[in-house]
Amino acid sequence: SAPRSARTELLSGRLLLLTAAGPLAATAGITFTAGIPRWMVEDGGVGVDAAAIAWTITTFSVAGAVAGIAASWLWRDHRPSRLIAGSLATASVPLLGTLLTRPGSPAFYLGVGAAGFLLSAGIPATVAMASELAPHDVAAATGVVLGLTNGLAGLLFLGVGQAQAVIGLEPGTTLDPERRR
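These notes cover the structure that comes with them. Small disclaimer: the values here were computed from a predicted structure and weren't measured. (Residues numbered from 1 in each chain as written. Predicted model: local features only at pLDDT ≥ 70, side-chain atom pairs only at ≥ 80, totals over all residues. Heavy atoms only, no water.)

Description of the side chain of Ser-120
Position of Ser-120 among the secondary structure elements: in helix 5 (residues 106–120). Of the residues examined, Ser-120 reaches a relative accessible area of 17% and is grouped as buried. (Helix = DSSP H or I, 4+ residues; strand = E, 2+ residues; numbered from the N terminus. Buried < 20%, exposed > 50% of the residue type's maximum accessible area, 1.4 Å probe, protein only.)

Description of the packing of aromatic side chains
Given two aromatic rings, one states the distance between the centres and the angle between the planes to describe the pair. Per the counting criterion, the structure on display carries three aromatic pairs. Note on Phe-32 and Phe-60: the rings are 4.6 Å apart at their centroids and 25 degrees apart in plane angle, and the pair reads as stacked. One end of the pair, Phe-32, is in helix 2 (residues 13–42); the other, Phe-60, is in helix 3 (residues 51–74), with 28 residues separating them in the sequence. The residues Phe-32 and Phe-60 share a single accessibility class, namely buried. An angle of 70 degrees between the planes, with centres 5.5 Å apart, marks the rings of Phe-108 and Tyr-109 as edge-to-face. Through pairs of rings, three or more aromatic residues link up here, namely Trp-39, Phe-108 and Tyr-109. (Phe/Tyr/Trp six-rings, centres within 6.5 Å; stacked < 30°, edge-to-face > 60°.)

As structure tokens, this is what we get:
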């Protein structure tokens with residue numbers, strides 16, 4: 001059994017606050033990867049079997065992996081909280097930017113890559129901060145941060161689905177004001 005101080009560390013307000021930011025990024029990532037294929041087909045004019053759909057998801061995912069590697073070096077020289085907050089705060093710009101570009105265009109893939117990068121850039125800093133906040137049980141702290149992040153993101157995505165059920169899938173996924181009516 002872990003020492004009492006380790007259990008107390010895992011329930012500390014700072015660790016739980018750190019955990020609170022993760023589901024927002026994870027929900028954005030889930031929503032993007034689940035919704036972008038439909039948007040590309042219905043609003044972007046891409047065929048349902050177009051390779052551009054696979055390239056989009058691949059670009060988003062690979063950029064996230066690159067972000068994890070790059071950010072693991074950056075957090076040593078920069079405050080982890082700034083990396084986490086900065087990446088989350090700026091991720092919405094390329095996410096929305098992709099919806100304003102033509103699917104398959106270089107600008108589209110640049111936006112997709114930037115979104116994937118920014119949504120994943122805070123993960124190494126989050127894990128590092130969790131281990132610093134609970135040094136007596138690093139594995140459990142990492143599990144709390146990553147496990148809760150993904151679990152809560154799944155629950156938040158249920159909320160996204162419920163909102164789509166209420167307002168309709170099409171109005172919730174289109175930028176065309178005529179189709180929202």
